[in-house]
Amino acid sequence: MVMKIKLHKSSFLLLFPSILLLFLSSCNKGFKSNDYRAYFGGEITNPTNRFVYFSKNGVVIDTIPLQKDNTFFIQFDSLAPGMYSFKHDPEYQYVYFDKNDSIMVHINSKDFDESIIFCGRGDTKNNYLMESYLKNESDKEKMFSVYDYDISKFTSNTDSVYQSNKKYYNINKNDIKWSKEFDEYAKASLDFNYYSKKELYPVIHKLRTAEDVFEKLPNYYYNYRKNIDFNNVELSTYSPFVIYLLHLLNNVGAVKYHNHFSDVDLALTTNINKLYIADTLIKNEKAKNSILNNIAFSYLLEDQNIVNNKKFLESYKKFSTDNSKKNEILKIGNSIQLLINGNQLPEVNLLDKDGLTVSSNSFIKKKTVLFFYTKEALTHLAAAHKKVLAYKSKYPDFQFIAINLDNQQDEWVDLLSKYKFEGIQEYRCANFEDIKNKWAITKIHRALILDTNGKIKNAFTNLFDVTFEKELK
C-alpha cells in the first residue's frame, strides 16, 4: 500500500534554509495585474544528477541546476498559469501554477512520488493533486483481483471507490477554492482513473478468467464516453487522460477474429485500427497528434517486425501532422530499418568498469549475444544474468555482453560489486541517446544476436523468449 509521510510546513522549510529567505521574500511581494512573475524551487535528497527540467506539454522550457546543497531555485519573469511538469531523471511529476504562485517542493529521489511535498503560495492544490495521484496508484494495486469479478460485483466495487474519491475531491474543492482551470485537471485525475478501469475490465477479465463478457455488458456500461471531450487541448498531454485514451483505443481497436492472423500481423492490424479510430474520434489537431504519437511509440517499441513496421509508419504518416514529434518517431523507424538481418551492427561507444571508452566494434570478434539491464529493475538484472550464465555453459562459442543503460558510472560499478557474474563482459552505455538512435534500444527486455563478423542475426529478440535458444544453434 502506498503511504505518504506528512510534514508540518515549518519542518519542511527547514530542510533547505539556504534559499528560504529568497523564497519567503518572493511570497510576500505584491503583484500588479499585469505581473506574471512566479517562483519555483526546492531540494532533492539523494539526487541522481545535477539538474531539474521544467517543462510544458512535454517540452523543456528551463533547465535548473542543483546547487552544492542539492537545492534549486528559479524566478520566472512571466509564467502563464497552467499545468507544468518537473523532471529529475528518470522520474517526473506535475505542478500547477496559478498567477504569481511561489512553489517549493521537497523530493527524495529514492522514493520519488511518495516523498513529494509542496510548500508556498499554490501548495494546497498541488499537494491535493499528489495525494490523488498516490490514491489512484494505490487503488491500481488493489485492482488485479477485482478484474476477476462478475459484471455486477465489479461495477459495485469500482462505483463505490469512485464515489469515495469524488467525496474527497468535493471536500478539497470546497476548502481550497481552486480555480476553474485547475479543476479541469483535478476532475480529470478523478474521472479518468475510473473510466480506465471500465475500459480495462472486459479485456483483463477475459485474459485472467477466459470468460468473454463483452456481449454481456449492460447497454449503459459505456455511457460515460458520451461526456468526454476528446478534443480537449489542455488535457492532450496530461497522463490520466492520455492513459485512458490508450485503454479506450486498445478496447475498441481490438480485432475480433484474431485467429485469422499471426501474432505480428495481429499487432499491426490492431495498431493501424487505433490510428484510424484516433483520427476519426479526435478532431483537434494537437490532441490527435499527441495520441497518434503515443500509439506509434508504443507499437514501434514493442513490435519489431521489419516489414510490418514499414506498413505501420506509412499509415502513421497519413494521419499525423506533428512534424516535431514525427521526426523522433521516424528516427526510431529508420534505426529499426538499419537493424535488418545481415546488416553490420552500427558502432556505438561504451564504457568499461575503469571508465575507459570502448567501441562496440572492438569486441565483436566471435558470435555474440548483447543484452541490457538497469538498476531500476533489479529482478530483471539478476534473472537476465542468471539466464545468460546457463546459456554460456551450453554455448561456449558465444560471448555474452551485458550493457547497463544507467547514467552513473560509480553507481554502476558499485552495483556490479554486489553480484558475481563471472564470464559475462560488462559495459555501460556512454550515451543513451546514441544507443537508442542506432540500436533502437528503448526497453531492457531486448537482446541482439550477431555472427562472427558482427553482422546481425537477430536484433529484436528476448532472452526469455521460448524460441531464443534455437537461434543460438
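Residues numbered from 1 in each chain as written. Predicted model: local features only at pLDDT ≥ 70, side-chain atom pairs only at ≥ 80, totals over all residues. Heavy atoms only, no water.

J.: Pulling in residues and values, what's your account of the packing of helix 9 (residues 263-281) against helix 11 (residues 306-319)?
T.: Packing of helix 9 against helix 11 brings their axes to within 10 Å, and their N-to-C directions diverge by 5°. In terms of their interaxial angle, helix 9 and helix 11 are classed as roughly parallel. Across the interface between the two elements, Val264, Asp265, Leu268, Asn271, Ile272, Leu275, Tyr276 and Asp279 from helix 9 touch Asn308, Lys311, Phe312, Ser315, Tyr316 and Phe319 from helix 11. Split into classes, the residues belonging to the contact of helix 9 with helix 11 amount to eight nonpolar, three polar and three charged. (Axes fitted to C-alpha atoms, helices over the stretch in contact; angles between N-to-C directions. Helix = DSSP H or I, 4+ residues; strand = E, 2+ residues; numbered from the N terminus. Parallel < 35°, antiparallel > 145°, perpendicular 65-115°, else oblique. Contact = heavy atoms within 4.5 Å. Nonpolar A, V, L, I, M, F, W, Y, C, P; charged D, E, K, R; others polar.)

J.: Pulling in residues and values, what's your account of empty space enclosed by the protein?
T.: In this structure the tally under the stated criterion is three cavities of 30 Å³ or more. Quantified by volume, the largest cavity comes out at close to 80 Å³. With four residues, the single largest contributor to the lining of the largest cavity is helix 4 (residues 123-141). When its residues are assigned to classes, the lining of the largest cavity shows four nonpolar, four polar and one charged. Around the second largest cavity, the lining residues are Phe371, Phe372, His380, Ala384, Ile444, His445, Arg446, Asn462, Leu463 and Phe464. Broken down by secondary-structure element, the contributors of at least two residues to the lining of the second largest cavity are strand 11 (367-373) and helix 13 (378-394). Of the residues belonging to the lining of the second largest cavity, the class tally is six nonpolar, three polar and one charged. (1 Å grid on protein atoms, 1.4 Å probe; cavity = no way out; pocket = protein on both sides within 12 Å on 5 of 7 lines; lining within 4 Å. Points joined across faces, edges and corners; volume = space filled by probe spheres on them.)

J.: Residues and numbers for the sheet that holds strand 8 (residues 117-121), please.
T.: The four strands lie next to each other as 4-1-7-8, forming an open sheet whose pairing is mixed. Two strands in the sheet have a free side with no partner beyond their single neighbour: strand 4 (71-76) and strand 8. Strand-to-strand, the axes of this sheet are offset by a mean angle of 15°, without reference to chain direction. Bridging between strand 7 (residues 102-108) and strand 8 involves five bridges; their strand directions are antiparallel. If you follow valine 105 over to strand 8, its bridge partner there is phenylalanine 118. (Pairing = 2+ DSSP bridges.)

J.: Break down the sheet that holds strand 3 (residues 59-65) for me, with residues and values.
T.: Across the sheet, four strands lie side by side as 3-2-5-6; this open sheet has antiparallel pairing. With one partner strand each, in any of the chains shown, strand 3 and strand 6 (91-97) form the two edges of the open sheet. Strand-to-strand twist across the sheet, computed as the mean angle between neighbouring axes with direction ignored, equals 25°. Bridging between strand 5 (residues 82-88) and strand 6 involves seven bridges; their strand directions are antiparallel. Pairing of phenylalanine 86 across the sheet is with glutamine 93, part of strand 6.

J.: I'd like a description of the packing of aromatic side chains, backed by residues and values.
T.: How two aromatic rings sit relative to each other is set out by the distance from centre to centre and by the angle between their planes. Inspection of the entire model under this criterion finds 37 aromatic pairs. Consider the rings of tyrosine 195 and tyrosine 224, whose centres lie 4.7 Å apart with planes at 15°: the pair is stacked. In this pair, tyrosine 195 sits in helix 7 (residues 180-209) while tyrosine 224 sits in the loop between helix 7 and helix 8 (239-252), placing the two residues 29 residues apart along the sequence. Of the aromatic side chains, those joined through ring pairs into one cluster are Tyr92, Tyr94, Tyr96, Tyr128, Tyr168, Tyr169, Trp178, Phe182, Tyr185 and Tyr238. Looking at lysine 56, its charged tip hangs above the ring of tyrosine 84, at a distance of 4.7 Å from the centre. Geometry around tyrosine 168 places lysine 135 over its ring, the cationic atom sitting 4.8 Å from the centre. (Phe/Tyr/Trp six-rings, centres within 6.5 Å; stacked < 30°, edge-to-face > 60°. Lys NZ or Arg CZ within 6 Å of the ring centre and 35° of its normal.)

J.: Now, about the side chain of asparagine 251: what can you tell me, with residues and values included?
T.: Its location among the elements puts asparagine 251 in helix 8. Each residue touching asparagine 251, except ones within four places of it in the same chain, is listed here: Glu199, Pro202, Val203, Phe214, Tyr222 and Arg225.

J.: Give a description of the nonpolar core that names residues and reports values.
T.: Counting 70 residues, the largest nonpolar core has Tyr244, Phe312, Leu345, Leu370, Ile403, Ile435 and Trp439 as its most contacted members. Looking at this core element by element, the count peaks at eight residues for helix 7. Dropping the residues within four chain positions of it, tyrosine 244 is found in contact with Phe192, Tyr195, Ser196, Glu199, Tyr224, Arg225, Ile228 and Phe230. Membership of the second largest hydrophobic core comes to 23 residues, among which are Phe40, Leu79, Phe112 and Phe118. (Core = buried A, V, L, I, M, F, W, Y, C linked by side-chain atoms within 4.5 Å. Buried < 20%, exposed > 50% of the residue type's maximum accessible area, 1.4 Å probe, protein only.)

Purely spatial values, then, with no claim about function.
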